[in-house]
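The residues making up each chain are set out below.
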Amino acid sequence: MSHNRDPHTPAVPNNAVSFFHIETAHEAHLAVKLDNGQLYNARYPNNSGFTPLIAMKIEAIPGYLFLTTGPGQKQPQIWLEHFTARGTALSIVSRVSGDQGQFVALEDPARPGKYMTTRPFHDGKTENPVVGDCHHVMRWEEYSLIPIQGTDHLHHIAQAITGLFRRSLTATACVSFIEEYQGDALLPALDSLLPIIRWNVIERVGERLLHDRALRQKLASHMPPNIWLEKAFPQLATWEQKRWAHAGRSISPFPTPQKIHSPEEDSFLADSGADGSFAGLLHALTHAARRTIEPQRRVCMLTTMRNEGLYLLEWIAYHRTLGVEHFFIYSNDNTDKSEALLAELAEEGLITWIDNPTAAGTSPQFKAYGHALNVLPDILNFQWCFIMDGDEFITLDPKAYPSLHDYLDWIDHWQTDALAINWRFIGSRKNDNGLADLAKPLTQRNFRIIGNGAIGEGWRLVKSACRPNRTLHSRPHHPVWNPVTPYMFRLTNGDRHEYQHPPAGFPHDPAFADEGHFDRISISHYYFKSIAEWTWKHARNSGADAKKDLDTSRYTNQWANAFGLQAKDPQHERNVWMMDRQEALRQELDQLRTNPTICAAESAIRASLSDQIHDLWAQIHAHKVFSNIDAEWRFILQDLELEMKDRIPPVA
């Protein structure tokens, strides 16, 4: 990368910019963790794994400090908890503080009155994360600026920021700056705009980039490699052009891809936007461009699945009976032979299968959400996306709403960007015929609804549906959006989802509804199934981790208690809305199984799962793993040997 100064950017005299390290109140300095860019209060900021934070004070831009790092192989994207932006350079309002004006306080430009704070070290620790949401300025929010010598690299960044801020910061001015720039500091200069620039400017520049290939190429030529300019923008632009060309020659829906590969290097998407902040200006521009896409279809589903092949076809068939038009399924590291079923469903055009390998320590589920809502263009062709797991089934009042389209027609009377849909836990049921009973559809085996409060406050949890073109990221229970963009999150009765009264001991969190609404739509959560499936479930990984080996260490009192509480629940309410749709489900399953490849794939899954459950049962016996469970909860094990016997039969 060139280190020549941009000739179109006014030179900043060396005495017009000053560089500093930042000392905290705890005899430490602000430093950036190199592996993830998080900002820390570090006793030893030059230790391996950290790089000192550098503050730039530019006389031409009074009242601000610009935070960045020194030269290195890859400039980290700096972030801190509860701050509105991330980037290779962050703009911070600098407030004079201290009795004699000897300190500065660091304020979030987008949220006046919110300051960076550091905490003291305890228990021998020498670093603590910095937090950006303190409401006052006391000693922990005061910092000393320690002058340092600026390098050429730092001066190039200062010159680029100065040249950009001397403009009017309109969309036209930003585009002109990109077109004229010739230096090597374009990325930190643009990132420094993020907490300051108006959203309508980001919208206009994002839309311009989407439709101006030459501008994208010019921008990319002065950037390090990044997913936004190499994948997200080009793929979206190509997809949009093909979609419009298709609309001009066909009335059929624009086809979705059969299979996609999201490589391990995309793993950083698990965190990009997951806290509601943009991961740099390029991310914000990408989101703005995606918001311009007008959907042409109604409803899809997004899920992550691993080793859930036994339930996959039923899950798809059932939701097709409700009117779901397409399924985006992310999967990785399956050991139950479900790839063959995924491949055939993708070949038939029923799903898009996204192969989703992840880096160590990364949640496959969060990576999938980040990829789907930030890079994948095809999901934008749908007005609504229900984000569910493989044991969660949308449940509608069949008389009021024969299909999801009918319910969505009703909710669309209000401006709505996302829906918070209450859970209903479905109780377990004994499999009298052992593993053979697992050949029956799950929704036709288990009908008992667990009473609210029988297993704690889990019934207050929600799952979500969202508009993909307006959603930044997602958590397992709720969508994520940036606060600068308008976003209306509603309950299923049309009221605003305000989540002001969480369960005791929990923070305010959109994962919890203040009250339950079950009279129109809910989610039937088949969490427990049977004691055999409960035992198998906890030996394999969850959707949030990438563990590949069977793990019998999870058979604890907590595991037994959770199953035991629901088993003891006296409520006998039956899931009649689900029962009313049994015939439609049977017909859809029969239709899908007219494909012999689907039948063969399902049979292979059943055989594989039978083998693995028998192997697990042998490990349980060999290691006596249930010996540490209290006598109070051992009653849950009385049917386990019965349920583990025999095999799951092949598809007839």
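Everything numeric here is computed off the predicted structure, so don't read it as measured data. (Residues numbered from 1 in each chain as written. Predicted model: local features only at pLDDT ≥ 70, side-chain atom pairs only at ≥ 80, totals over all residues. Heavy atoms only, no water.)

**As for the overall build of the protein**
Argument step 1. Helices and strands together make up the secondary structure of the protein, namely 17 helices and 26 strands.
Argument step 2. Rg of the C-alpha trace for the protein: 27 Å, near the compact-globule value of 26 Å for 652 residues, within the 12% margin.
Argument step 3. Projected onto the principal axes, the alpha-carbon positions of the protein cover approximately 85 × 65 × 45 Å.
Argument step 4. The proportion of buried residues among the 652 residues of the protein is 59%.
Argument step 5. Long-range contacts, defined here as pairs at least 24 residues apart, represent 75% of the contacts in the protein between residues at least 6 apart.
Argument step 6. Per element, the accessible surface of the protein, about 26400 Å² overall, is 49% carbon and sulfur.
Argument step 7. Averaged over its 64 positive side-chain charges, the protein has a centre that lies 2 Å from the centre of its 77 negative ones. (Helix = DSSP H or I, 4+ residues; strand = E, 2+ residues; numbered from the N terminus. Rg over C-alpha atoms; globule rule 2.2 N^0.38 Å. Buried < 20%, exposed > 50% of the residue type's maximum accessible area, 1.4 Å probe, protein only. Contact = heavy atoms within 4.5 Å. Areas by Shrake-Rupley, 256 points an atom, 1.4 Å probe, with all protein chains shown as cover. Lys, Arg positive; Asp, Glu negative; His and termini not counted. Charge placed at Lys NZ, Arg CZ, Asp CG, Glu CD.)

**Things to note about the packing of aromatic side chains**
Argument step 1. Scanning the entire structure with this criterion turns up 29 aromatic pairs.
Argument step 2. Here the aromatic rings of Trp239 and Phe254 are separated by 6.1 Å at their centres, their planes lie at 70 degrees, and the arrangement is edge-to-face. Here Trp239, found in helix H6 (residues 227-249), pairs with Phe254, found in the loop between H6 and strand E14 (259-261); they are 15 residues apart in sequence, far enough to count as distant. As far as the burial class goes, Trp239 and Phe254 line up, both buried.
Argument step 3. A centroid spacing of 4.6 Å and a plane angle of 5 degrees characterise the contact between Trp481 and Tyr487, whose relative ring orientation is stacked.
Argument step 4. Each member of the aromatic cluster is reached from another via a ring pair, and the members are Trp423, Phe425, Tyr527, Phe528, Trp534 and Phe563.
Argument step 5. Its guanidinium or amino end placed over the ring of Phe366, Arg475 lies 4.7 Å from that ring's centre, counting from NZ or CZ.
Argument step 6. Here Lys529 stacks its cationic end above the ring of Tyr311, 5.2 Å away from the centre of that ring. (Phe/Tyr/Trp six-rings, centres within 6.5 Å; stacked < 30°, edge-to-face > 60°. Lys NZ or Arg CZ within 6 Å of the ring centre and 35° of its normal.)

**With respect to the side chain of Asn482**
Argument step 1. Note that Asn482 resides in the loop between strand E24 (479-480) and strand E25 (489-491).
Argument step 2. A polar contact of 2.8 Å, which involves the side chain of Asn482, links it to the backbone oxygen of Gly276.
Argument step 3. Contact partners of Asn482, with chain neighbours within four places excluded, come to Thr84, Gly276, Ser277, Phe278 and Leu472. (Polar contact = N/O pair within 3.5 Å; in protein donor to acceptor, adjacent residues only side chain to side chain.)

**Thoughts on helix H4 (residues 199-211)**
Argument step 1. Helix length check: H4, at 13 residues, gives a terminal C-alpha distance of 19 Å against a target of 18 Å (1.5 Å per residue), a fit within 8%.
Argument step 2. Every buried residue of H4 is accounted for by Trp199, Val201, Ile202, Val205, Gly206, Leu209 and Leu210. With its buried residues spanning 165 degrees around the axis, H4 presents them on a single face. Of the exposed residues in H4, the ones pointing more than 90 degrees away from its buried face are Arg204 and His211.
Argument step 3. Structurally, H4 contributes buried residues whose contacts are with helix H2 (171-180), helix H5 (213-221), H6, strand E15 (278-279) and helix H7 (281-290). (Expected span 1.5 Å × (residues − 1). Arc of directions from axis to C-beta.)

**Notes on the packing of helix H8 (residues 309-321) against helix H9 (residues 339-347)**
Argument step 1. Where H8 meets H9, the closest approach of the two axes is 9 Å, and the angle between their N-to-C directions is 25 degrees. As judged from the angle between their axes, H8 and H9 are roughly parallel. H9 is crossed by H8, and the crossing has left-handed handedness. Counted together, Gly309, Leu312, Leu313 and Ile316 of H8 and Leu341, Leu342 and Leu345 of H9 form the full contact between these two elements.
Argument step 2. The residue inventory of the contact of H8 with H9, partitioned by class, reads 6 nonpolar, 1 polar and no charged. (Axes fitted to C-alpha atoms, helices over the stretch in contact; angles between N-to-C directions. Parallel < 35°, antiparallel > 145°, perpendicular 65-115°, else oblique. Left-handed = near helix turned anticlockwise from the far one by under 90°. Nonpolar A, V, L, I, M, F, W, Y, C, P; charged D, E, K, R; others polar.)

**Describing unusual backbone geometry**
Argument step 1. Look at His82: it is not a glycine, yet its phi comes out positive at around 60 degrees.
Argument step 2. You can see His82 is positioned in the loop between strand E6 (64-68) and strand E7 (85-86).

**Examining the side chain of Lys367**
Argument step 1. Examined against the element boundaries, Lys367 turns out to sit in helix H10 (residues 364-374).
Argument step 2. Here Lys367 sits buried without a salt bridge, and the closest side chain of opposite charge, Asp266, lies 5.3 Å off (N-O distance).
Argument step 3. Within the structure, the side chain of Lys367 is placed 2.8 Å from the backbone oxygen of Ser262, a separation counted as a polar contact.
Argument step 4. Non-local contacts of Lys367, meaning those with residues more than four positions away in its chain, are made with Ser262, Pro263, Glu264, Asp266, Ser267, Leu269, Ala270, Asn356, Pro357, Thr358 and Thr362. (Salt bridge = Lys/Arg side-chain N within 4 Å of Asp/Glu carboxyl O.)

**Describing the packing of H4 against H5**
Geometry of a packed helix pair, given as the angle between the helix axes and the separation of the axes.
Argument step 1. Contact pair H4 / H5: the axes reach a minimum separation of 5 Å and the direction vectors enclose 105 degrees. The orientation of H4 relative to H5 falls into the category roughly perpendicular. Two secondary-structure elements touch here, H4 through Arg208, Leu209, Leu210 and His211 and H5 through Arg213, Leu215, Arg216 and Leu219.
Argument step 2. Taken together, the residues that form the contact of H4 with H5 break down as 4 nonpolar, 1 polar and 3 charged.

**Points about the environment of Val17**
Argument step 1. By the secondary structure assignment, Val17 is in strand E1 (residues 17-23).
Argument step 2. We classify Val17 as buried; its relative accessible area is 5%.
Argument step 3. Sequence separation of Val17 and Gly150 is 133 residues, and the distance between their C-alpha atoms is 8.9 Å.

**A look at the pattern of salt bridges**
In a structure, side chains of opposite charge can pair up when their charged atoms sit close to one another.
Argument step 1. Enumeration according to the criterion identifies 31 salt bridges in this entry.
Argument step 2. With a closest N to O distance of 3.8 Å, Asp551 and Arg554 form a salt bridge.
Argument step 3. Classification of Arg554 as partly exposed rests on a relative accessible area of 26%.
Argument step 4. Salt bridges here are not isolated pairs; linked through shared partners, they connect Arg298, Asp409, Asp412 and Arg467.

**Comments concerning the environment of Ile523**
Argument step 1. Tracing the chain through its elements places Ile523 in strand E26 (residues 521-525).
Argument step 2. Sequence-wise, Ile523 and Asp495 are 28 residues apart; in three dimensions their C-alpha atoms are separated by 18 Å.
Argument step 3. Leaving out residues up to four positions away in the same chain, Ile523 has contacts with Met388, Glu392, Phe393, Ile394, Thr395, Ile421, Asn422, Trp423, Arg424 and Lys463.

**Quick notes on the confidence of the model for the protein**
Argument step 1. With 96% of its residues at a pLDDT of 70 or more, the protein shows a mean pLDDT of 93.
Argument step 2. Below pLDDT 50 for its whole length, residues 1-10 participates in 29 contacts with residues either more than four positions away or in separate chains. (pLDDT = per-residue confidence, 0-100.)

**Considerations on the environment of Pro503**
Argument step 1. Counting through the fold element by element, Pro503 comes out in the loop between E25 and E26.
Argument step 2. Between the alpha carbons of Pro503 and Leu461 there is a distance of 9.9 Å; along the sequence they are 42 residues apart.
Argument step 3. Residues within four places of Pro503 in sequence aside, it is in contact with Glu457, Arg460 and Phe512.

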